Amino acid sequence: SKAYPNFCKMLRMRSLRERYFPRLVQKSWAHAVKASVPIRATMIRSQESLRAEVRRVLHPAMANTPWENDALNGKVVEVIGSIVAGGMEESVRAAERERDFLQWVFRCDVSSTMSLGSFFHLQSEQHEAVCSTGGCANLVRRKAQIGGHDMLRIDITLEIKALILDRQKLQQLDTSPTLLRDVENYNAILD
């Protein structure tokens, strides 16, 4: 938003967004990703280990994206790994708190669903990529017999949407006198 302040203002204005934004989009894609991440007992308490395992499993799944941008794929994998690792421990604890006494005594499996949503921006040499991710991670912790190690599995279902914008057109639009005038004269009530 610091690089393109007028463009960012325009995005909040429906009629201006509809008029100007389509001119900037070079390509747009949507891509679905499904992955199952098995977690070893030693990883459960280590966010870095969890993040690394999610990245390891998602990386091959991202190889089939319709865009050919390794930096964008790497950023998606990193963001999702961080979200899952950061929220996994709390999700399991919340699911454990919801168990009743009998479920606890009989060591029933614990499951929880966590939302995965993120919006980020990536620059390349000639383009600006805007990416949104949305989906969920279903965490299932299978309780082991007494003395054994619990097993944790995270099933990730994700939709990635990517827009590739022409940087030169974006820079021109952001400083355009016409856009500046339209933003200044914008009336939300009439929109």
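Criteria and cut-off values
Residues numbered from 1 in each chain as written. Predicted model: local features only at pLDDT ≥ 70, side-chain atom pairs only at ≥ 80, totals over all residues. Heavy atoms only, no water. Helix = DSSP H or I, 4+ residues; strand = E, 2+ residues; numbered from the N terminus. Buried < 20%, exposed > 50% of the residue type's maximum accessible area, 1.4 Å probe, protein only. Contact = heavy atoms within 4.5 Å. Areas by Shrake-Rupley, 256 points an atom, 1.4 Å probe, with all protein chains shown as cover. Salt bridge = Lys/Arg side-chain N within 4 Å of Asp/Glu carboxyl O. Axes fitted to C-alpha atoms, helices over the stretch in contact; angles between N-to-C directions. Parallel < 35°, antiparallel > 145°, perpendicular 65-115°, else oblique. Arc of directions from axis to C-beta. Phe/Tyr/Trp six-rings, centres within 6.5 Å; stacked < 30°, edge-to-face > 60°. pLDDT = per-residue confidence, 0-100.

A.B. asks: I tried to follow the overall build of the protein chain on my own but got confused; where do I start?
C.D. replies: Per the secondary structure count, the protein chain includes seven helices and four strands. Going residue by residue from the N terminus, the α and β elements of the protein chain occur as α-α-β-α-α-α-β-β-β-α-α. When each of the 191 residues of the protein chain is scored for burial, the buried share is 41%. Taking all contacts inside the protein chain whose residues are at least 6 apart in sequence as the whole, residues at least 24 apart take part in 68%. If you sum the accessible surface of the protein chain, you get close to 11,300 Å²; carbon and sulfur atoms cover 51% of it.

A.B. asks: What is the right way to look at the pattern of salt bridges in this model?
C.D. replies: Where charged atoms of side chains with opposite charge meet at close range, the side chains can pair. Taken as a whole and assessed by the stated rule, the structure comprises 10 salt bridges. E48 is the salt-bridge partner of R55, the closest N and O atoms lying 3.3 Å from each other. Judged by relative accessible area, R55 falls into the partly exposed class, the value being 24%. Residues D155 and R153 are paired through a salt bridge, measuring 3.0 Å at the closest nitrogen-oxygen approach.

A.B. asks: Got a minute to help me understand the environment of V54 in this structure?
C.D. replies: Its place among the elements puts V54 in helix α3 (residues 47–61). Separated by 16 residues in sequence, V54 and P38 place their C-alpha atoms 9.0 Å apart. Beyond its immediate sequence surroundings of up to four residues, V54 is in contact with V37, I80, G81, V84 and I156.

A.B. asks: How should the side chain of R51 be read in this particular structure?
C.D. replies: Tracing the backbone through its elements, the reader meets R51 in helix α3. Apart from the residues within four sequence positions on either side, R51 is in contact with E78, G81, S82 and A85.

A.B. asks: It is not clear to me how the packing of helix α2 (residues 14–24) against helix α6 (residues 167–174) should be interpreted in this structure. Could you clarify?
C.D. replies: The description of two packed helices rests on the angle between their axes and on the distance between the axes. In contact at an axis separation of 9 Å, α2 and α6 are set at 150° when each is read in the N-to-C sense. As far as their axial angle goes, α6 and α2 are roughly antiparallel. Residues Y20, R23 and L24 of α2 form the contact with α6, whose own contacting residues are K169, L170 and L173.

A.B. asks: How should α2 be read in this particular structure?
C.D. replies: When we look at burial in α2, the residues that qualify are L16, Y20, F21 and L24. Viewed end-on, α2 has its buried residues packed into an arc of 105°, placing them on one side of the element. Exposed residues pointing more than 90 degrees away from the buried face of α2 are listed as E18 and P22. Turning to α2, the residues buried within the fold contact α1 (5–11), β1 (25–39), β4 (151–166), α6 and α7 (177–184).

A.B. asks: Which parts of the structure should I look at to understand the packing of aromatic side chains?
C.D. replies: The final tally for this structure, using the stated rule, is one aromatic pair. Measuring from ring centre to ring centre gives 6.2 Å for F7 and F21, while their planes differ by 25°; the resulting arrangement is stacked. Pair noted here: F7 is in helix α1 and F21 is in helix α2, with a separation of 14 residues, a long-range link. Considered together, F7 and F21 belong to a single accessibility category, that of buried residues.

A.B. asks: Help me understand the confidence of the model for the protein chain in this model?
C.D. replies: Low pLDDT means the predicted atomic positions in that stretch should not be read closely. Per-residue confidence for the protein chain averages 81 on the pLDDT scale, and 83% of its residues sit at or above 70. Within the protein chain, α7 carries the highest mean pLDDT (93), whereas helix α5 (residues 101–105) carries the lowest (65).

A.B. asks: Hey, could you run me through the environment of V77 in this one?
C.D. replies: Counting through the fold element by element, V77 comes out in helix α4 (residues 70–97). By relative accessible area, which is 5% here, V77 ends up buried. Between the C-alpha atoms of V77 and A52, which are 25 residues apart in sequence, the distance is 9.8 Å. Not counting chain neighbours up to four residues away, the residues in contact with V77 comprise R55, L58, H59 and M62.

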